[in-house]
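Residue-level structure breakdown
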Amino acid sequence: MARLDGKSVLITGAARGQGAAHARRLVEEGAGVTIADLREDEGRALAEELGEAARFATLDVTDAARWASAVESAVAAFGRLDGLVNNAGMITVHSLESATVEEWDRVIAVNQTGVFHGMRAVIPEMRKAGSGSIVNIASVVAWSGAADFYSYAVSKWAVRGMTKSAALELAEPGIRVNTVAPGEIDTEMMTDMEAQGADPPDPKVVPLGRWGAAAEVSSAIVFLLSDEASYVTGAEIGVDGGLGVGPAVGPNPQLRPPRGTAPNEGMES
Ligand SMILES: NC(=O)c1ccc[n+]([C@@H]2O[C@H](COP(=O)([O-])OP(=O)(O)OC[C@H]3O[C@@H](n4cnc5c(N)ncnc54)[C@H](O)[C@@H]3O)[C@@H](O)[C@H]2O)c1
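Here we summarise the structure given alongside this text. (Residues numbered from 1 in each chain as written. Predicted model: local features only at pLDDT ≥ 70, side-chain atom pairs only at ≥ 80, totals over all residues. Heavy atoms only, no water.)

**Observations concerning the site of the ligand**
For the ligand, the set of nearby residues contains 28 residues, the closest of which are R16, D37, N87, Y152 and T187. Q18 is positioned such that a nitrogen or oxygen atom in its backbone is 2.8 Å from an oxygen atom of the ligand. Here an oxygen atom of the ligand sits 2.9 Å away from a polar atom, N or O, in the main chain of I185. Listed by contribution, the elements that provide at least two residues to the shell around the ligand are α1 (17-28), α4 (101-129), α5 (150-170) and α6 (188-195). Looking at the shell around the ligand, the element that brings in the most residues is α6, giving three residues. Among the residues making up the shell around the ligand, the classes are represented as twelve nonpolar, eight polar and eight charged. (Near = heavy atom within 4 Å. Polar contact = N/O pair within 3.5 Å; in protein donor to acceptor, adjacent residues only side chain to side chain. Helix = DSSP H or I, 4+ residues; strand = E, 2+ residues; numbered from the N terminus. Nonpolar A, V, L, I, M, F, W, Y, C, P; charged D, E, K, R; others polar.)

**A look at the nonpolar core**
Of all hydrophobic cores here, the largest spans 31 residues; its most connected members are L26, I35, V180 and I221. Considering each element in turn, this core owes the most residues, seven residues, to helix α7 (residues 214-225). What L26 contacts, discounting residues up to four positions off in sequence, is L4, V9, I11, A31, V33, I221, V222 and L225. Formed by 30 residues, the second largest nonpolar core is a distinct cluster that contains W67, V71, V122 and I134. (Core = buried A, V, L, I, M, F, W, Y, C linked by side-chain atoms within 4.5 Å. Buried < 20%, exposed > 50% of the residue type's maximum accessible area, 1.4 Å probe, protein only. Contact = heavy atoms within 4.5 Å.)

**With respect to the pattern of salt bridges**
Close approach of charged atoms lets side chains of opposite charge pair. All chains considered together, the criterion is met by 15 salt bridges. D192 serves as the salt-bridge partner of R16, at 3.1 Å between the closest nitrogen and oxygen. Highlighted residues: R16 in the loop between β1 (8-12) and α1 and D192 in helix α6, separated in sequence by 176 residues. Residue R55 is joined to E52 by a salt bridge in which the shortest nitrogen-to-oxygen separation is 3.7 Å. In this structure, a network of salt bridges that share partners links the residues R16, E188 and D192. (Salt bridge = Lys/Arg side-chain N within 4 Å of Asp/Glu carboxyl O.)

**Points about the packing of helix α3 (residues 64-78) against α4**
Between α3 and α4, the least distance of the axes is 9 Å, while the angle of their chain directions is 40°. Looking at the two axes, α3 sits oblique to α4. In the packing of α3 onto α4, the handedness of the crossing is right-handed. Only G114, H117, G118, A121, V122 and E125 of α4 make contact with α3, whose side of the interface consists of A64, W67, V71 and V75. For the contact of α3 with α4, the residue count by class is six nonpolar, three polar and one charged. (Axes fitted to C-alpha atoms, helices over the stretch in contact; angles between N-to-C directions. Parallel < 35°, antiparallel > 145°, perpendicular 65-115°, else oblique. Left-handed = near helix turned anticlockwise from the far one by under 90°.)

**Quick word on the sheet that holds β1**
As summarised here, the arrangement of the seven strands in space is β3-β2-β1-β4-β5-β6-β7, forming an open sheet in which the pairing is parallel. Unpaired on one side and paired on the other, β3 (54-58) and β7 (236-239) mark the two borders of the sheet. The sheet shows a mean angle of 20° between the axes of neighbouring strands, direction not considered. When strand β6 (residues 175-182) meets β7, the two strands line up parallel, connected through four bridges. Each bridged residue has a counterpart across the sheet, and for P182 the counterpart in β7 is V239. The strands touched by α1 are β1, β2 (32-37) and β6; relative to β1, the strand with the most contacts, the crossing angle is about 170°. Against the sheet, helix α2 (residues 40-50) contacts β2 and β3, and its axis sits at roughly 165° relative to β3. (Pairing = 2+ DSSP bridges.)

**A closer look at the packing of aromatic side chains**
Counting across every chain of the model gives one aromatic pair. The lysine or arginine in question, R160, covers the ring of W157, its NZ or CZ lying 5.0 Å from the ring centre. (Phe/Tyr/Trp six-rings, centres within 6.5 Å; stacked < 30°, edge-to-face > 60°. Lys NZ or Arg CZ within 6 Å of the ring centre and 35° of its normal.)

**Re the side chain of T187**
Topologically, T187 is positioned in the loop between β6 and α6. Residue class for T187 comes out buried when judged on its relative accessible area of 14%. Ignoring any residue separated from it by four or fewer positions in sequence, one finds T187 in contact with G17 and Q18.

What follows is the structure, given as structure tokens:
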């Protein structure tokens, strides 16, 4: 039996990047998946590729009314809604001083208010079912700060707070709410940052010595959506190669053996 057999899950921002990887993996694990995104062509193409187990719903996560119809289409397709992955996000390269109010408002609207709308939109269906699992995507920068992505870092800190408060509020109806905090994951968000003039993050700064793959984040998502996580709520799982603990660079790098870029490379058996 697959780990998500019979479950219906809505994933935002699933037309590409990590969300698309999660959609693929969830279908492999037996779930029915609603791919919700602004990017209609990519989202529809992915849903078609995944076949009967997937549907596409057009959604701008900042629009509460569209949320209602996205939830309706998930329920119409799969008869229920067991899981929500609030994955849609955007990044703008700016500091506290250089951000325009419009940029600030847009990042907060998508990354923070979008999560607020999403959680509220799914609660009625999950209450009806007497259970549910919501996974909110934060970021490794929500454990520290990020001078060059001011609004992004702030919005991701908010996601952690919204998750913890929602976990307490929704425990009684049996809805679990958790955070996954990816580190440097190789998706088009990295390209978007570079297009805005930011240097790509240096893999050497990551304790495990490399960027992560979207599929590695999917594993944490599957766990939290599955019944294996039945006693896990309000938690935060970092999928960040250790970056959330601190950077790999210390004052005496010669004290450490050289690191490869592949997982487990150079480890003694
Ligand atoms: N890539 C990284 O290194 C990294 C690190 C930490 C956290 N994250 C977070 O992971 C999540 C996924 O990011 P990704 O790396 O796959 O980036 P991505 O840019 O490849 O994908 C983001 C997706 O969100 C969608 N989206 C953006 N605004 C939307 C809106 N208003 N309504 C609906 N959909 C919208 C986009 O169309 C896109 O499909 C985001 O929340 C991001 O902040 C990414």
